[in-house]
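An overview of the molecular structure
Read off the chains here:
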Amino acid sequence: MTSTAVQVPMPTVPRRRRSPEEVHTASPVEGTRRVLLAAPRGYCAGVDRAVIAVEKAIEHYGPPVYVRKQIVHNLHVVSTLEAKGAIFVDETDEVPEGALVVFSAHGVSPAVVQSAADRGLRTIDATCPLVTKVHREAQRFARDDFDILLIGHEGHEEVEGTAGEAPEHIQIVNGPEDVDKVRVRDPERLIWLSQTTLSVDETMLTVNLLKERFPTLQDPPSDDICYATSNRQAAIKKIAPESDLVIVVGSANSSNSVRLVEVALEYGAKASYRIDFANEVDETWFEGVSTIGVSSGASVPENLVQDVLRLLGDYGYGDVEEVVTAQEDIIFSLPKEIRSALKAMGDTTSNRGGNLKRNGQGTLN
């Protein structure tokens with residue numbers, strides 16, 4: 001008779017965080033300990049608009065409000081909205097017929113829109129207007145019978161949504177490694193578009209390699225990489241050369257947050273880590289570190305950054321210098337479905353999102 005071992009998971013034992021004194025004794029830091037705080041950082045206009053759209057939908061229609069995919073790629077935002085009455089699903093067929101569903105900021109394909117209509121779902125489209133712009137470009141160039149090279153990460157929700165606008169015309173190019181695989185019908189009718197949250201540098205590397213193969217490759221009518229992604233990467237590039245360590249607040253599935261870590265390392269930071277919450281910071285990272293850079297992805301509320309700054313202050317990094325590389329004042333109107341509902345209900349308190357004016361607790365001022 002043979003027996004099968006039963007795997008019993010070990011209980012999680014809270015890690016004892018070393019004290020500031022222990023860290024300093026283990027590896028003294030010469031000179032002043034300081035923080036370079038990147039600006040812009042955190043919430044962009046499209047994220048703010050999408051989150052407000054879900055909040056307003058719950059407020060006016062009552063819970064539950066269904067949301068296809070994560071409204072934005074941030075664990076804290078998703079869990080906060082779940083506590084208020086949002087239910088996140090992968091596909092529209094998980095939503096009860098006739099219920100209300102919100103499309104995430106990353107956008108959806110026409111097939112998803114049709115699926116929702118077939119089930120009689122009421123919909124609110126919280127797609128970021130900058131993503132919508134890329135969808136419209138895809139529609140336009142497909143109508144003109146162009147081959148479209150969509151630079152982006154295959155499987156990402158935004159890329160799936162854009163590619164779904166014209167699947168017979170669009171090829172996904174994940175990066176430089178895919179350039180040699182591209183096949184086109186007519187190099188004279190060829191244009192590239194991109195996912196909005198990519199690394200600016202890597203995207204242009206891919207574009208330049210594509211242009212070596214296809215010299216007549218056309219550029220999009222306007223920059224597809226969104227202003228917030230570009231601005232946050234520019235700020236990281238500014239602080240990275242002076243930083244022994246860069247901490248980026250953002251979730252693992254947030255493309256723009258992951259790119260910030262990569263950009264920090266490429267531009268001179270000695271080390272860089274991505275975290276969701278301050279309690280994930282490992283104090284051993286501070287050994288021998290005098291300057292710490294801090295930033296956050298475009299779907300991260302500011303209160304999570306402030307939690308990190310408080311922790312750093314406890315370890316002697318209380319001297320915080322904000323390094324500003326751009327000012328952002330973009331405002332997007334809320335989705336038309338929400339604006340109509342607010343007007344019908346006499347709610348004139350807010351018909352715009354994306355004003356970037358949230359206080360430290362992540363609520364509207």
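Before any of the text, the structure's been laid out above.
A short tour of the structure in this document, coming up. Here the structure is a predicted model, which is why all the values come from computation and not from measurement.

Describing the packing of aromatic side chains
- Tallied over the full model, the rule gives four aromatic pairs.
- Look at Phe 141 and Phe 146: their rings are 5.3 Å apart centre to centre, the planes differ by 75°, and that puts the pair in the edge-to-face class. Considered together, Phe 141 and Phe 146 belong to a single accessibility category, that of buried residues.
- Seen from their ring centres, Phe 286 and Tyr 315 are 5.2 Å apart, and the 55° between their planes marks the pair as tilted. Taken as a pair, Phe 286 in the loop between strand S10 (272–275) and strand S11 (291–296) and Tyr 315 in the loop between helix H10 (302–314) and strand S12 (319–324) lie far apart in primary sequence, 29 residues in all. Tyr 315 matches Phe 286 in its accessibility class, with the two residues each being buried.
- Among the aromatic residues, those joined into a cluster by ring pairs are Phe 286, Tyr 315 and Tyr 317.
- One residue, Arg 33, lies across the ring of Tyr 317, its end atom 5.7 Å from the ring centre.

Focus on the sheet that holds strand S7 (residues 170–173)
- Strand order in the open sheet formed by three strands is S7-S6-S8, with parallel pairing between adjacent strands. Taken across any chain shown, the strands that pair with only one partner, and hence form the sheet edges, are S7 and strand S8 (190–194). Strand after strand, the sheet turns through a mean of 25° between neighbouring axes, direction not considered.
- Where strand S6 (residues 147–151) and S7 come together, four bridges link them in parallel fashion. Residue pairing for S7: Ile 148 is matched across the bridge by Ile 170.

What about the pattern of salt bridges?
- Applying the stated rule across the entire model yields 22 salt bridges.
- A salt bridge links Arg 34 to Glu 321, with the nearest nitrogen and oxygen atoms 3.9 Å apart. Of this pair, Arg 34 sits in strand S1 (residues 34–39) while Glu 321 sits in strand S12, placing them 287 residues apart in sequence.
- On the basis of relative accessibility, which here comes to 41%, the residue Glu 321 falls in the partly exposed class.
- Its salt-bridge partner being Lys 84, residue Glu 55 comes within 3.3 Å of it at the nearest N-O pair. Linking Glu 55 in helix H2 (residues 45–61) with Lys 84 in helix H3 (residues 75–84), this pair joins segments that are 29 residues apart in sequence.
- The exposure class of Lys 84 is partly exposed, given its relative accessible area of 42%.
- Among the charged side chains, a network of salt bridges with common partners joins Arg 34, Glu 242 and Glu 321.

Brief notes about the packing of H2 against helix H11 (residues 336–344)
- Contact pair H2 / H11: the axes reach a minimum separation of 10 Å and the direction vectors enclose 35°. Viewed along their axes, H2 and H11 form a crossing whose handedness is left-handed. Counted together, Ala 53, Lys 56, Ala 57, His 60 and Tyr 61 of H2 and Glu 337, Ile 338, Ala 341 and Leu 342 of H11 form the full contact between these two elements.
- The class makeup of the residues in the contact of H2 with H11 is six nonpolar, one polar and two charged.

Cut-offs applied
Residues numbered from 1 in each chain as written. Predicted model: local features only at pLDDT ≥ 70, side-chain atom pairs only at ≥ 80, totals over all residues. Heavy atoms only, no water. Phe/Tyr/Trp six-rings, centres within 6.5 Å; stacked < 30°, edge-to-face > 60°. Buried < 20%, exposed > 50% of the residue type's maximum accessible area, 1.4 Å probe, protein only. Helix = DSSP H or I, 4+ residues; strand = E, 2+ residues; numbered from the N terminus. Lys NZ or Arg CZ within 6 Å of the ring centre and 35° of its normal. Pairing = 2+ DSSP bridges. Axes fitted to C-alpha atoms, helices over the stretch in contact; angles between N-to-C directions. Salt bridge = Lys/Arg side-chain N within 4 Å of Asp/Glu carboxyl O. Left-handed = near helix turned anticlockwise from the far one by under 90°. Contact = heavy atoms within 4.5 Å. Nonpolar A, V, L, I, M, F, W, Y, C, P; charged D, E, K, R; others polar.

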